[in-house]
Amino acid sequence: MTDNASPDDYELFCEVDFDPFFDRRSSHQRVSDIYRLDELIANDPDHLDYRWDRAELINSDPRRYADRMRTAVEDLTKIITSSGYLSELRRAHIDRAIFYERLQDLDAVLDDLGWLIAHDHDAHSWRGHIREIRGDLDGALSDYRTAFTLNPNDGAYGRFLYKLGRYDAALTALNEGLRLALSQQKSGWSLGIHYYICAKTLYKLGRHEESLQAFHEYINLAGSMAESDRPTSAEAYMRIFNPDEV
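Draft legend 1. Broad picture of the nonpolar core. If you look at the biggest cluster of nonpolar residues, it comprises 32 residues, and the most contacted ones within it are I58, L76, F99, V109 and L113. For this core, the secondary-structure elements that each account for two or more residues are helix 2 (27-43), helix 3 (48-60), helix 4 (69-82), helix 5 (86-102) and helix 6 (106-118). With eight residues, the single largest contributor to this core is helix 6. If we skip the residues at most four places from it in the chain, F99 touches A55, I58, N59, M69, A72, V73 and L76. Of all hydrophobic cores here, the second largest spans 29 residues; its members include Y157, A181, F215 and A236.

Draft legend 2. Focus on the packing of helix 2 against helix 3. Packing of helix 2 against helix 3 brings their axes to within 10 Å, and their N-to-C directions diverge by 150 degrees. The angle between the axes of helix 2 and helix 3 places the two elements in the roughly antiparallel class. Every pair of crossing elements has a handedness; the one defined by helix 2 and helix 3 is left-handed. Note on element contacts: helix 3 touches helix 2 through Y50, R51, D53, R54, L57, I58 and S60, opposite R30, D33, I34, L37, D38, L40 and I41. Taken together, the residues of the contact of helix 2 with helix 3 break down into seven nonpolar, one polar and six charged.

About the thresholds
- Residues numbered from 1 in each chain as written.
- Predicted model: local features only at pLDDT ≥ 70, side-chain atom pairs only at ≥ 80, totals over all residues.
- Heavy atoms only, no water.
- Core = buried A, V, L, I, M, F, W, Y, C linked by side-chain atoms within 4.5 Å.
- Buried < 20%, exposed > 50% of the residue type's maximum accessible area, 1.4 Å probe, protein only.
- Helix = DSSP H or I, 4+ residues; strand = E, 2+ residues; numbered from the N terminus.
- Contact = heavy atoms within 4.5 Å.
- Axes fitted to C-alpha atoms, helices over the stretch in contact; angles between N-to-C directions.
- Parallel < 35°, antiparallel > 145°, perpendicular 65-115°, else oblique.
- Left-handed = near helix turned anticlockwise from the far one by under 90°.
- Nonpolar A, V, L, I, M, F, W, Y, C, P; charged D, E, K, R; others polar.

Pasting the structure below:
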């Protein structure tokens with residue numbers, strides 16, 4: 001730990017606004033920064049910028065700083081109780097919910113997500129996921145349905161309907177999501193997952209040719225296999241969807 005840390009020291013040490021996704025500091029330097037912030041916050045506990053920085057540093061590598069996650073929650077709680085800006089409050093509730101989920105404090109996650117939804121932030125799919133984990137299937141279905149209504153490109157509703165065995169309804173939702181995603185020229189992993197769940201749903205409905213076609217789209221979008229390797233993708237399809245015939 002550094003001796004006699006001061007705000008000027010910290011500002012010089014961290015000259016640009018901190019973004020954990022683009023941070024170039026070494027692990028050693030991040031640890032040093034956290035120690036500096038510990039001292040600065042101890043001397044000035046109401047300085048919210050320091051609180052943000054410490055929480056974001058901890059969030060930048062949650063495995064390495066697992067023992068500091070409660071500290072990040074404390075920082076975000078201080079921000080929530082002190083800030084008067086809605087945008088800052090939304091950000092703090094989102095970040096705190098992430099930490100609570102890592103800490104498996106699902107009641108606290110639901111509290112934060114409830115606040116976000118009450119303040120016009122679309123967290124329905126996330127809350128549906130938490131409710132699903134807790135076994136609240138009716139609550140999860142309600143949230144996933146709302147998320148789908150707000151954004152049909154959200155595939156969680158179709159996936160959950162599939163899990164419930166409601167295959168016709170799942171396919172309707174997934175096809176609407178695919179239609180919207182394609183109209184918006186979406187691509188990559190998220191669109192591939194739509195195709196994957198569609199393939200599973202179509203197989204359950206006995207529509208095997210269409211199921212195989214959707215699985216090919218999944219393979220191509222996931223980048224797992226080139227067009228020329230489609231026979232291999234068909235073999236993978238058979239192993240996943242009909243293992244008894246392989």
